[in-house]
Amino acid sequence: MQGTINRALAPITKQQGTAALSKLTAAIFTAMAVFAGSAHSAGNDTSSVNMSPGVTAVGQSIFDLHMIILWICVVIGVAVFAVMFYSIIYHRKSRGVVPAQFHESTKVEIAWTVVPFLILIGMAVPATSTLLEIYDFEDAEMDILVTGYQWKWKYEYLNEDGDNVTFFSNLQTPQSEIYNSADKNENYLLEVDEPVVIPVNTKVRFLVTANDVIHAWWVPELAVKKDAVPGFINETWTLAEEEGIYRGQCAELCGKDHGFMPIVVKVVSQEEYADWLGDKQEEAAQVRELMAQTFTMDELMARGKEVYDRACLACHGANGEGGVGNAIAGSAVATGELGQHLNIGINGVAGSAMQAFGGQINDVEMAAVITYQRNAFGNNMGDMVQPIDVFNYKKG
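Fair warning: this is a prediction, and the values are worked out from it, not measured in the lab. (Residues numbered from 1 in each chain as written. Predicted model: local features only at pLDDT ≥ 70, side-chain atom pairs only at ≥ 80, totals over all residues. Heavy atoms only, no water.)

1. Points about the nonpolar core
Phase 1 of the analysis: Counting 35 residues, the largest nonpolar core has Ile-144, Trp-153, Tyr-155, Tyr-157, Trp-217 and Val-265 as its most contacted members.
Phase 2 of the analysis: In terms of nonpolar packing, the next biggest core, distinct from the first, is built from 18 residues, Ile-328, Leu-342, Met-366 and Val-369 among them. (Core = buried A, V, L, I, M, F, W, Y, C linked by side-chain atoms within 4.5 Å. Buried < 20%, exposed > 50% of the residue type's maximum accessible area, 1.4 Å probe, protein only.)

Next comes the structure, spelled out in structure tokens:
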């Protein structure tokens, strides 16, 4: 064994050492070239090993900064390892090399202080420029208030010239896919019922906060990632240069259903955005008109089922059998005093998974879903709740 070790560590000629070092260096640079090729071909492919520049100027700046720092680190790494392997090959003990003595060398101490300092300055200049660009909120053309809930997002388009447009965005992935009774589609857990719609080539400022716990609003291709903290409003912005659909997720561990609150942003033309905004404002006007109407039982039940399937089914079951939440079928709440049922639906139950839906669905939807719960699943209470009843309950 000792002989084998000695042969392995036997002196080699300088030519052999140079050849070995050349091969090592060539291998390192080949690996770098392969990585550079994969990085360049990555483009907007978020499944590749490299990050994506996205569809904004800021995203491109972040990508460029990332590549600059990456190559600085690669050059440093190659230089350090080249010197290290050269020293191992030519200054090992088996060649009889006597270690140099340069303790407390002023030149060496100056070198290992000045060189890293210059490297850090070289990194800091482009990093500072990019950060200033990221935090430039001036000249925003529109504002959207983003509020995180467990586990959904609320969006409010702040409009100085008219009524604000407000809606919730909920996960739309079917329960059958989540519980593996159906095949998962390519956008599994990344589909919502109401996407955010913004116009292309428009600077949009997002005011990000939360209603309950800390969330984070993250859309990589729009170069946006900002914490949503209860009681605070954080700012971020984007200016998308390409139309399309861009997907993101909550990037903060916000509870057991953290993976069920995706973000979908739809970037459209100015004309399409104007049409969408007009439709949303018309919907809000229609809701105000509906508030003054009296509905039949059939109308309330039909609308209530739609609301239940969207907002209640995941916790209370398709047939009111319960699950994460309590059962609706035969429950003391759904068959009990109407005021208590309204109170729980509007204000939720503190310390439980039952959220306050009074601010998440409008009064027409609340009246319909309460009516539905009291008359579906065999409850058959015969009660009808009208939108004005919900409005008066909240007011009183």
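Further notes follow.
2. Observations concerning the sheet that holds strand β5 (residues 204-210)
Phase 1 of the analysis: If you trace the 5 strands from one edge of the open sheet to the other, you get β3-β2-β1-β5-β8, paired in mixed fashion. Looking at the sheet topology across the chains shown, the edges are occupied by β3 (165-169) and β8 (234-238). On average, adjacent strands in this sheet sit at an angle of 25 degrees to one another, irrespective of strand direction.
Phase 2 of the analysis: In this sheet, β3 lies alongside strand β2 (residues 152-158) in antiparallel orientation, the contact comprising 5 bridges. If you follow Tyr-155 over to β3, its bridge partner there is Phe-167.
Phase 3 of the analysis: Packing against the sheet, helix α6 (residues 270-290) makes contact with β1 (142-149), β2 and β3, and its axis sits at approximately 95 degrees to β3. (Pairing = 2+ DSSP bridges. Helix = DSSP H or I, 4+ residues; strand = E, 2+ residues; numbered from the N terminus. Axes fitted to C-alpha atoms, helices over the stretch in contact; angles between N-to-C directions. Contact = heavy atoms within 4.5 Å.)

3. Quick look at unusual backbone geometry
Phase 1 of the analysis: Backbone torsion omega between Gln-150 and Trp-151 reads 0 degrees, so that peptide bond is classified as cis.
Phase 2 of the analysis: Mapped onto the elements of the fold, Trp-151 is located in the loop between β1 and β2.
Phase 3 of the analysis: Notably, Asn-180 is not glycine yet its phi reads approximately 65 degrees, a positive angle.
Phase 4 of the analysis: Residue placement: Asn-180 occurs in the loop between α5 (175-178) and β4 (196-199).
Phase 5 of the analysis: The backbone of Asn-201 sits at a positive phi, close to 55 degrees, despite the residue not being glycine.
Phase 6 of the analysis: When you line up the elements, Asn-201 lands in the loop between β4 and β5.
Phase 7 of the analysis: With relative accessibility at 48%, the residue Asn-201 sits in the partly exposed group.

4. Quick word on the packing of helix α9 (residues 338-347) against helix α10 (residues 363-375)
Phase 1 of the analysis: The interhelical angle for the contact between α9 and α10, taken along N-to-C directions, is 125 degrees, at an axis separation of 11 Å. When the axes of α9 and α10 are compared, the pair comes out oblique. Seen along the crossing, α9 lies across α10 with a hand that is right-handed. Listed contacts from α10 to Leu-338, His-341, Leu-342, Gly-345 and Ile-346 of α9 are Met-366, Ile-370, Gln-373 and Arg-374.
Phase 2 of the analysis: Tallied by class, the residues present in the contact of α9 with α10 amount to 5 nonpolar, 3 polar and 1 charged. (Parallel < 35°, antiparallel > 145°, perpendicular 65-115°, else oblique. Left-handed = near helix turned anticlockwise from the far one by under 90°. Nonpolar A, V, L, I, M, F, W, Y, C, P; charged D, E, K, R; others polar.)

5. Describing a nonpolar patch on the surface
Phase 1 of the analysis: A contiguous nonpolar patch, built from Ile-110, Val-114, Phe-117, Leu-118, Ile-121 and Val-125 and spanning about 570 Å² of accessible area, is present on the exposed surface.
Phase 2 of the analysis: Inspection of the secondary structure puts Phe-117 in helix α4 (residues 106-134). (Patch = residues over 30% accessible without salt bridge, like charges linked within 9 Å, V, L, I, M, F, W, Y side chains within 5 Å. Areas by Shrake-Rupley, 256 points an atom, 1.4 Å probe, with all protein chains shown as cover. Salt bridge = Lys/Arg side-chain N within 4 Å of Asp/Glu carboxyl O.)

6. Digging into the pattern of salt bridges
Phase 1 of the analysis: One pass over the full model with this rule turns up 11 salt bridges.
Phase 2 of the analysis: A salt bridge links Asp-143 to Arg-205; its shortest N-O distance comes to 2.8 Å. Placement of the pair is Asp-143 in strand β1 and Arg-205 in strand β5, with a sequence separation of 62 residues.
Phase 3 of the analysis: Taking relative accessible area as the criterion, Arg-205 reaches 22% and is therefore assigned partly exposed.

7. Examining the state of the cysteines
Phase 1 of the analysis: Under the defined criterion, the tally for this structure stands at 0 disulfides.
Phase 2 of the analysis: In this structure Cys-315 is a free cysteine whose sulfur lies 8.6 Å from that of Cys-312, the closest cysteine sulfur available. (Disulfide = S-S within 2.5 Å.)

8. Concerning the sheet that holds strand β9 (residues 244-250)
Phase 1 of the analysis: Reading across the sheet, the 5 strands line up as β4-β10-β9-β6-β7 and stay open at both edges, with mixed pairing between neighbours. The open sheet terminates on both sides in strands that have one partner only, identified here as β4 and β7 (224-228). For this sheet, the mean inter-axis angle between neighbouring strands, taken without regard to orientation, is 20 degrees.
Phase 2 of the analysis: Sheet contacts for α6: β4 and β10 (262-268); angle to β4, the most-contacted strand, approximately 135 degrees.

9. Some points on the confidence of the model for the protein chain
Phase 1 of the analysis: Per-residue confidence for the protein chain gives a mean pLDDT of 85; residues scoring 70 or more make up 88%.
Phase 2 of the analysis: Contacts for the low-pLDDT stretch residues 1-14, under 50 throughout, to residues beyond four places or in other chains number 11 contacts. (pLDDT = per-residue confidence, 0-100.)

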